[in-house]
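A structural walkthrough
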Amino acid sequence: QVQLVESGGGLVQPGGSLRLSCAASGFTFSSVVMRWYRQAPGKERELVALITNTGGTTNYANSVKGRFTISRDNAKNTVSLQMNSLKPEDTAVYYCNTVLTVVGRTSNYWGQGTQVTVSS
């Protein structure tokens, strides 16, 4: 079965850094796009970054460009999000995501989320 397990969240001061990781299993990781989303209290879930299956293309939300870096290791079935120069507005639950089509049915898969809190 498909599993996405995030780790690496925590409390960090403004200007600090965190690295999130997502361990994937139950599907052919090297064949799919992977995404990081976040959801702050009272706000809709938003796409933060995505990376194509080979890692050759990445895209970022304007709010994190130049500060966050998404990467993947297809040998280890992991996707990471390096977050630098963190701001209080980056506080949110961060989710790993992929979209899979199985027997003609397309579904979103999500991890359980990891809390990131940026505060002094």
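Structure first, text after, so check above.
Let us look at the structure shown here.

About the cut-offs
- Chains are numbered independently. Their residues run from 1 in the order of the written sequence.
- Under the rules for a predicted model, residues below a pLDDT of 70 receive no local features and side-chain atom pairs below 80 are neither given nor counted, while totals for whole chains, interfaces and linings still include all residues.
- Hydrogen atoms and water are omitted, and side-chain values are computed over all heavy atoms in the structure.
- Criterion for a salt bridge: a side-chain nitrogen of Lys or Arg within 4 Å of a carboxyl oxygen of Asp or Glu.
- Categorising residues by exposure relies on relative accessible area from a 1.4 Å probe, with only protein chains included: less than 20% of the type maximum marks a residue as buried, more than 50% marks it as exposed, and the intermediate range marks it as partly exposed.
- Where helices and strands are cited, they refer to DSSP runs of H or I of at least four residues and of E of at least two residues respectively, numbered from the N terminus.
- For this analysis, a nonpolar core means a set of buried residues of the types Ala, Val, Leu, Ile, Met, Phe, Trp, Tyr and Cys, connected via side-chain atoms within 4.5 Å.
- Note on aromatic pairs: the rings of Phe, Tyr and Trp (six-membered ring only in Trp) are paired at centre separations within 6.5 Å, and the planes decide the class, stacked below 30 degrees, edge-to-face beyond 60, tilted for the rest.

This part is about the pattern of salt bridges. Once the charged atoms of two side chains with opposite charge are near each other, the side chains can pair. Tallying each qualifying case throughout the model produces three salt bridges. Across the salt bridge formed by Glu-46 and Arg-38, the nearest N and O atoms sit 2.6 Å from each other. The class for Glu-46 is partly exposed, based on a relative accessible area of 32%. Between Asp-90 and Arg-38 there is a salt bridge, and its shortest N-O distance comes to 2.9 Å. You can see Asp-90 sitting in the loop between strand 8 (78-83) and strand 9 (92-102) and its partner Arg-38 sitting in strand 4 (residues 34-39), a full 52 residues away along the chain.

Judged by nonpolar contacts, the single largest core of 29 residues is most densely connected at Met-34, Trp-36, Val-79, Leu-81, Met-83 and Tyr-94. For this core, the secondary structure elements donating two or more residues are strand 3 (18-25), strand 4, strand 5 (46-51), strand 7 (68-73), strand 8, strand 9 and strand 11 (114-118).

Time to look at the packing of aromatic side chains. For any pair of aromatic rings, the description rests on two quantities: the centre-to-centre distance and the angle between the ring planes. Taken as a whole and assessed by the stated rule, the structure comprises three aromatic pairs. Ring centres of Tyr-37 and Trp-110 lie 4.9 Å apart, and the angle between their planes is 65°; on these two criteria the pair is classed as edge-to-face. You can see Tyr-37 sitting in strand 4 and its partner Trp-110 sitting in strand 10 (residues 105-110), a full 73 residues away along the chain. Its relative accessible area of 17% is what places Tyr-37 among the buried residues. Residue Trp-110 is classed as partly exposed on the basis of its relative accessible area of 34%. For the pair Tyr-95 and Trp-110, a centre-to-centre distance of 6.3 Å together with 85° between the ring planes defines the contact as edge-to-face. Of this pair, Tyr-95 sits in strand 9 while Trp-110 sits in strand 10, placing them 15 residues apart in sequence.

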